[in-house]
Amino acid sequence: MNDLLSRSFSGGRTGDIEMGNAASDSGSGENLDKFFQSVNAIKEQLKALDQLNTRLQSSNEESKTLHKANAIKTLRTKMDNDVALSLKKAKLIKTTLESIDRSNAANLSLPNCG
């Protein structure tokens, strides 16, 4: 029954829009694949950044209970390294988002792209 209805509403076109098999030009699909790959890479970087944030929070709580100077120095070094790594990841995420923004603006200037 669903198959009969889908054929009648498709107007003779082959392909399923919901499954991504539309009979439109395939060039836009490649651009979307690149976009989704970039988004997935950003999501992974954000997860790593969140893990660094969690480590920094636990290190902060640990620093409240330390009393020996040597242990405090090692913890401070660890925290400084985590902060530096967090800043690098944040800058990388920012530049990736800016490049996605630029490519979006470039794609909007193409014909038949609204």
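All values derive from a computational prediction rather than experimental measurement.

**Considering the overall build of the protein**
Assigned secondary structure in the protein consists of 3 helices and 0 strands. Start at the N end of the protein and walk to the C end: the helices and strands fall as α-α-α. The buried share of the protein, taken over its 114 residues, is 10%.

**Focus: the pattern of salt bridges**
Overall, the coordinates contain 3 salt bridges when judged by the stated rule. A salt bridge links arginine 55 to aspartate 82, with the shortest nitrogen-to-oxygen separation between them at 2.4 Å. On the criterion of sequence distance, the pair formed by arginine 55 in helix H2 (residues 27-63) and aspartate 82 in helix H3 (residues 69-108) is long-range, its members being 27 residues apart. For aspartate 82, a relative accessible area of 3% corresponds to the buried category.

**Looking at the UniProt feature "coiled-coil region" (unreviewed entry) in the protein**
Taking the UniProt record as the reference, the feature "coiled-coil region" (unreviewed entry) is found at residues 39-69. Secondary structure across residues 39-69 divides into 84% helix and 0% strand, with the first and last C-alpha atoms of the span separated by 44 Å.

**Some details on the packing of aromatic side chains**
Per the counting criterion, the structure on display carries 1 aromatic pair. Consider the rings of phenylalanine 35 and phenylalanine 36, whose centres lie 5.4 Å apart with planes at 65°: the pair is edge-to-face. On the basis of relative accessible area, phenylalanine 36 is assigned to the partly exposed category, the value being 46%.

**Some remarks on the side chain of serine 86**
Tracing the backbone through its elements, the reader meets serine 86 in helix H3. Polar side-chain contacts of serine 86 include one of 2.8 Å to the backbone oxygen of aspartate 82. With sequence-adjacent residues up to four places away left out, serine 86 is seen in contact with Leu49, Leu52 and Leu56.

**Observations regarding H3**
For H3, which comprises 40 residues, the first-to-last C-alpha distance of 58 Å matches the rise-based estimate of 58 Å (1.5 Å per residue) to within 8%. The set of residues buried in H3 consists of Leu75, Asp82, Ser86, Ile93, Thr96 and Ile100.

**Here's the deal with the environment of asparagine 53**
Mapped onto the elements, asparagine 53 comes out in helix H2. Taking relative accessible area as the criterion, asparagine 53 reaches 38% and is therefore assigned partly exposed.

What counts, and where the lines are drawn
Residues numbered from 1 in each chain as written. Predicted model: local features only at pLDDT ≥ 70, side-chain atom pairs only at ≥ 80, totals over all residues. Heavy atoms only, no water. Helix = DSSP H or I, 4+ residues; strand = E, 2+ residues; numbered from the N terminus. Buried < 20%, exposed > 50% of the residue type's maximum accessible area, 1.4 Å probe, protein only. Salt bridge = Lys/Arg side-chain N within 4 Å of Asp/Glu carboxyl O. UniProt positions renumbered as here; feature names shortened; annotations may be inferred. Phe/Tyr/Trp six-rings, centres within 6.5 Å; stacked < 30°, edge-to-face > 60°. Polar contact = N/O pair within 3.5 Å; in protein donor to acceptor, adjacent residues only side chain to side chain. Contact = heavy atoms within 4.5 Å. Expected span 1.5 Å × (residues − 1).

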